[in-house]
Structure formats: C-alpha cells, structure tokens
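The lines below spell out each chain.
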Amino acid sequence: MIFRISTKLGKKIHVTPDEILPVDPNPFADWSAHLFAVDRTQYVLVTNTISLYSMVMLGRGLKDERLFLDGVTDRMRGVICSDGLESIFEKCIVPSMDTVRFSKAINRSVTGSMNDFIFQAKYELIEPELSLNEISFLLNECPMSYLDSGMPKDVFQELANNRAN
C-alpha cells in the first residue's frame, strides 16, 4: 500500500518520503493524506488517489508511523463498511496493508481535489452538526471535475466492479 503524505503530515508522524512512487497497480492500495486544523483541532483527510473516495479522521494522537497506520486502518474500515462496501475493504484493501510505503504527492490534480474537500470539511467542522462519518459521506457524494463530474463513491464502487470482472 502506498500513502502519499503531505509535508505537514510527514512532520507529525516523523516520516519524510524522498520520492514520488508510481501509481500502485491495485487502485485500492494507493491513498493520499493531508493534515489540516479547525479551531486548534487537527484532522487528517485520507483520499483514495484514483477515485478520490475520502474520509476525515482526527489527527490527535498520531505521533508516529505506526499510530498513523493503525488510525487510518480503523477509519477506513469504519467508513468503507458503513458505506456498504465491506467486501472492497476485506478483498482489496486488507491484503495490500502487509507492505506500506510512503511517497510524496503524485500530482496537483489530486492535491487540488483534496484541498476542495478540506475546504468543505472545514466548513462542516466549524459548526459541528455532522459526525466525521457524515462529513466523509458528504464528501464522497460530491461531483468532482477530476472524475469528469463523477462522485467518488460511485467511482470507488465502479473500480471494485471492474476488479471483480
């Protein structure tokens, strides 16, 4: 599995990737992550690099690589399974977690889409009426120009359907 992390997140978890890795052949094993703050509370946006399927998690307590990976795994399981996509998590993501590599961001299009998601998440977190799960679901139902106006949840599901065939 590849995690493409921002410099800010890298500093927090003490990981400094020195190269940009090519896209993983398994589209479910390539994720991008960025640290952001709202009212002095840290959050991490974790986004599938191919489909832009995303989740927001608390950044508190992520002091090193191991804690980050444990937190991301739990958050992925929670969001993906709550979204009714448990088979994708079990069949396509869990097996790729045996080997984890860190990388710099792959391109500005993904980073720009993540910045759009962060802007939207910040708006929702200022007056916290929604849970982090609900914010994640909201992000995954946003049409994105990077996906030719497709929604991340639909593209994520389509990747799974194509993989099954």
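Residues numbered from 1 in each chain as written. Predicted model: local features only at pLDDT ≥ 70, side-chain atom pairs only at ≥ 80, totals over all residues. Heavy atoms only, no water.

Let's talk about the overall build of the chain
Across its full length, the chain carries 6 helices and 5 strands. In the chain, the succession of α and β elements from N to C terminus is β-α-β-β-β-α-α-β-α-α-α. Computed over C-alpha atoms, the radius of gyration of the chain comes to 15 Å, within 12% of the 15 Å expected from 2.2 N^0.38 for 165 residues, which places it in the range of a compact globule. Its C-alpha atoms put the chain at 45 × 35 × 25 Å along the principal axes. A total of 165 residues make up the chain; the buried ones form 47% of that total. Taking the intrachain contacts of the chain between residues at least 6 apart in sequence as the baseline, contacts between residues at least 24 apart amount to 64%. If you sum the accessible surface of the chain, you get close to 8,600 Å²; carbon and sulfur atoms cover 49% of it. (Helix = DSSP H or I, 4+ residues; strand = E, 2+ residues; numbered from the N terminus. Rg over C-alpha atoms; globule rule 2.2 N^0.38 Å. Buried < 20%, exposed > 50% of the residue type's maximum accessible area, 1.4 Å probe, protein only. Contact = heavy atoms within 4.5 Å. Areas by Shrake-Rupley, 256 points an atom, 1.4 Å probe, with all protein chains shown as cover.)

Re the layout of surface pockets
Volume-wise, the largest pocket comes out at about 310 Å³. Around the largest pocket, the lining is made up of 19 residues, and of these Ile 5, Ser 6, Thr 7, Lys 104 and Ala 105 lie nearest the centre. Taken together, the elements giving at least two residues each to the lining of the largest pocket come down to strand S1 (2-5), helix H1 (7-13), strand S2 (30-38) and helix H4 (108-126). When residues of the lining of the largest pocket are assigned to their parent elements, the largest contribution, 4 residues, is made by H4. By residue class, the composition of the lining of the largest pocket is 7 nonpolar, 9 polar and 3 charged. (1 Å grid on protein atoms, 1.4 Å probe; cavity = no way out; pocket = protein on both sides within 12 Å on 5 of 7 lines; lining within 4 Å. Points joined across faces, edges and corners; volume = space filled by probe spheres on them. Nonpolar A, V, L, I, M, F, W, Y, C, P; charged D, E, K, R; others polar.)

Examining the packing of helix H2 (residues 65-82) against helix H5 (residues 132-140)
Packed helices, taken two at a time, are described by the angle between their axes plus the distance between the axes. At a minimum axis distance of 10 Å, the contact between H2 and H5 shows a crossing angle of 60°. For the element pair H2 and H5, the recorded crossing hand is right-handed. Judged by residue contacts, Arg 75, Val 79 and Ser 82 of H2 engage Leu 132, Asn 133, Ser 136 and Phe 137 from H5. Residues belonging to the contact of H2 with H5 are distributed by class as follows: 3 nonpolar, 3 polar and 1 charged. (Axes fitted to C-alpha atoms, helices over the stretch in contact; angles between N-to-C directions. Left-handed = near helix turned anticlockwise from the far one by under 90°.)

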